[in-house]
Amino acid sequence: MSVLHVEGVAKAFGGRRVLRDVSFTVEAGEVVGLVGANGAGKSTLGDVVAGTYAPDAGRMTVLGHAYAPLSAHDARHLGVGRVEQLIRIDPSLTVARAVLRGTELADAPEPRVRARARAVLAEIGLDLDPDALVADVPRFVHGLVEAARVLAEDTKLIVMDEVSASLTPGEVQGLHAVARRLRDEGRGVLYISHRLPEMLEVVDRVLVLREGRIALDAPAAELDPARLVVATLDGALPRPATPVRIPTARPAPDDASTTTTRPQPSADVALEVRNLRVAGTATGLDLRLRRGEVLGLTGRRRSGLREIAGALTGEIPAQCDGVTVGGEDRPVPTAAGSAALRLEAYRPDDDAYGVDPGATIARTLTDEEWGRPSDLRSEIASLRGVIDTVHRMNVATLSIKTVFGALSGGDQHKLALARWLAAHDGDVVVVHEPTRGLDARSRREVRTLLDEATAHGRSVVVVSVDPDELTECCDRIGVVTDGRVDEWLDTHEMTAVDIRARILAAA
Ligand SMILES: Nc1ncnc2c1ncn2[C@@H]1O[C@H](COP(=O)(O)OP(=O)(O)OP(=O)(O)O)[C@@H](O)[C@H]1O
């Protein structure tokens with residue numbers, strides 16, 4: 001029997017018809033992937049299914065019964081739950097209480113709650129202390145705490161919206177263990193993701209949402225990531241033997257067996273840091289970044305990656321034996337608690353990207369008073385620049401007067417990154433997860449942004465846990481273990497397939 005049946009669902013925001021006529025089913029014991037370009041309406045569909053929004057038209061059933069939830073709370077009572085990546089869980093709860101807050105154990109005595117939560121966490125391989133406060137758990141792991149919660153609850157269908165986006169490969173395995181467990185229990189899962197290779201490892205079937213409709217509904221066994229990318233953009237699946245090409249502003253390798261097409265960086269050294277040490281973690285990292293190079297750093301959650309990234313930006317005190325910037329030696333700080341470096345950094349998980357969600361796209365990208373009398377010529381030029389960026393980045397909007405906060409998550413991210421790169425002109429910058437939550441075409445555009453920055457002689461350190469992102473964006477990749485990098489993987493010399501395999505094996 002179908003756990004969920006959706007028929008003819010439509011949803012519009014103002015003049016924008018996001019869902020036009022969406023119909024699909026999720027069977028009992030089935031994990032169904034939902035993919036689509038940024039702004040295609042995946043989260044909106046997840047919100048309709050999970051009761052956050054009422055549809056404008058159409059009907060739904062859960063286990064054969066009419067289903068029209070009045071709210072997310074109501075939906076949970078009717079058997080439908082939702083897990084989001086960037087959910088805010090009450091920080092004063094313990095992890096154990098957070099996991100069990102929707103169950104009959106919610107008010108049970110501490111020892112029972114702790115024991116049950118420990119069992120659930122162990123089941124998905126989540127290495128968290130049940131007594132730890134949610135406030136002390138990294139934000140990107142909250143999605144996994146939520147996944148543990150749905151496992152403990154009695155929901156029949158679970159919407160997982162981009163939960164894996166910032167998870168390490170090991171944590172993704174934990175999430176997939178939850179999805180498989182839910183499937184084995186005869187429940188249904190709607191799994192939304194842009195990380196296609198890993199999504200295809202766990203789903204039984206894939207739905208492609210495009211132009212407000214389900215453009216493709218196919219068994220996962222018949223799909224591969226490259227063909228799925230084309231289906232999300234074109235709506236149709238190319239035949240297996242057909243070479244696929246992702247429409248983009250510039251040529252790029254579509255075959256994962258090829259090496260990178262990024263231009264080789266110059267031989268000049270932009271930054272050299274010798275024996276970088278962070279108390280308690282790094283045993284000593286040697287970092288050498290060439291002019292125009294994009295260097296990737298990755299690693300497990302407790303590998304020292306976070307500390308090294310923090311040391312590069314001065315947020316975490318660190319020591320080193322020497323720093324050379326653009327060929328010149330810099331004084332090395334010796335006092336405990338001092339910063340070794342102060343590189344500027346972009347982080348997509350900064351709250352609201354540091355921009356006002358109520359400001360228009362135009363204002364966000366120009367930072368100028370919208371409507372304030374100014375030189376007409378410069379105003380036209382700056383608005384042309386905004387329109388050009390919105391077009392180039394394929395932002396799904398009807399107007400540059402749309403408020404930033406109403407854009408889809410991916411569209412917000414790519415505009416925020418473009419804005420940040422334009423506003424920060426450091427020769428060496430740190431960029432965290434530059435393509436997180438982006439569709440294939442947008443990932444390419446972000447790579448173009450990085451290539452433009454490096455073509456002008458800038459150098460970039462990319463910090464990421466996504467092997468595909470690292471392979472796509474970087475010239476060299478270092479896997480951090482015990483606070484150091486033993487070997488750098490060169491994307492000019494290795495195929496994408498080999499690099500991915502090496503990162504997964506090491507991280
Ligand atoms: N509350 C809202 N008000 C106005 N417009 C909205 C609202 N929520 C979503 N939209 C619009 O609906 C469209 C679809 O957004 P949605 O977040 O569902 O896309 P998505 O497929 O999940 O994208 P992404 O992959 O970037 O997360 C976007 O153009 C967005 O601007």
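Residues numbered from 1 in each chain as written. Predicted model: local features only at pLDDT ≥ 70, side-chain atom pairs only at ≥ 80, totals over all residues.

Within an unreviewed UniProt entry, the label attached to the protein reads Ribose transport system ATP-binding protein, and the organism entered is Klenkia soli.

Glancing now at the environment of Val480. Tracing the backbone through its elements, the reader meets Val480 in strand S19 (residues 476-481). Taking the number of C-beta atoms within 10 Å as the measure of exposure, Val480 has 25 and is therefore buried. Along the backbone, Val480 and Leu271 are 209 residues apart, and their C-alpha atoms lie at a distance of 18 Å. (Helix = DSSP H or I, 4+ residues; strand = E, 2+ residues; numbered from the N terminus. Buried ≥ 20, exposed ≤ 12 C-beta atoms within 10 Å, placed from the backbone.)

A word on the packing of helix H12 (residues 409-423) against helix H13 (residues 440-455). Following both chains from N to C, one finds H12 and H13 inclined at 5°, their axes separated by 11 Å at the closest point. With respect to their mutual orientation, H12 and H13 come out roughly parallel. Counting all contacts with H12, which are made through Gly410, Lys414, Leu417, Ala418 and Leu421, the residues of H13 involved are Ser442, Glu445, Val446, Leu449 and Ala453. Of the residues assigned to the contact of H12 with H13, the class counts are 6 nonpolar, 2 polar and 2 charged. (Axes fitted to C-alpha atoms, helices over the stretch in contact; angles between N-to-C directions. Parallel < 35°, antiparallel > 145°, perpendicular 65-115°, else oblique. Contact = placed C-beta atoms within 7 Å. Nonpolar A, V, L, I, M, F, W, Y, C, P; charged D, E, K, R; others polar.)

Residues Val99, Ala147, Ala148, Leu190 and Tyr191 are the most contacted members of the largest nonpolar core, which totals 77 residues. In terms of residue count, helix H5 (residues 142-152) provides more of this core than any other element does, 7 residues in total. If we skip the residues at most four places from it in the chain, Ala147 touches Val83, Ile124, Val163, Leu175 and Val178. One finds Ala309, Ala416, Leu421 and Val429 within the second-largest nonpolar core, a separate group that totals 62 residues. (Core = buried A, V, L, I, M, F, W, Y, C linked by C-beta atoms within 7 Å.)

Okay, the pairing of strand S9 (residues 205-210) next. The buried count for S9 comes to 5 of 6 residues, which makes it a mostly enclosed element. In this sheet, S9 lies alongside strand S3 (residues 30-35) in parallel orientation, the contact comprising 4 bridges. From the neighbouring strand, Val35 faces S9, where its bridge partner is Val208. Relative to strand S10 (residues 213-219), S9 runs antiparallel, the two sharing 6 bridges. Its bridge partner lying in S10, Arg205 is registered against Pro219. Connecting the antiparallel pair S9 and S10 is a turn made up of 2 residues, with Glu211 showing a positive phi of about 50°. (Pairing = 2+ DSSP bridges.)

Okay, the environment of Val497 next. With respect to the secondary-structure elements, Val497 resides in helix H15 (residues 496-506). Expressed as a C-alpha distance, the spacing of Val497 and Val159, which sit 338 residues apart in the sequence, is 30 Å.

For strand S17 (residues 428-432), the buried fraction is high: 5 of the 5 residues fall into the buried class. Side-chain alternation along S17 places Val428, Val430 and His432 on one buried face and Val429 and Val431 on a second face that is also buried. Note that strand S16 (residues 344-346) and S17 share 3 bridges and pair parallel. Each bridged residue has a counterpart across the sheet, and for Glu344 the counterpart in S17 is Val429. As defined by bridge partners, S17 adjoins strand S18 (residues 459-463) across 5 bridges and the pair is classed as parallel. Bridge pairing links Val428 to Ser459 in S18. With respect to chirality, the unit in which S17 leads through H13 into the neighbouring parallel S18 is right-handed. (Right-handed = clockwise from strand over helix to strand, strands pointing away.)

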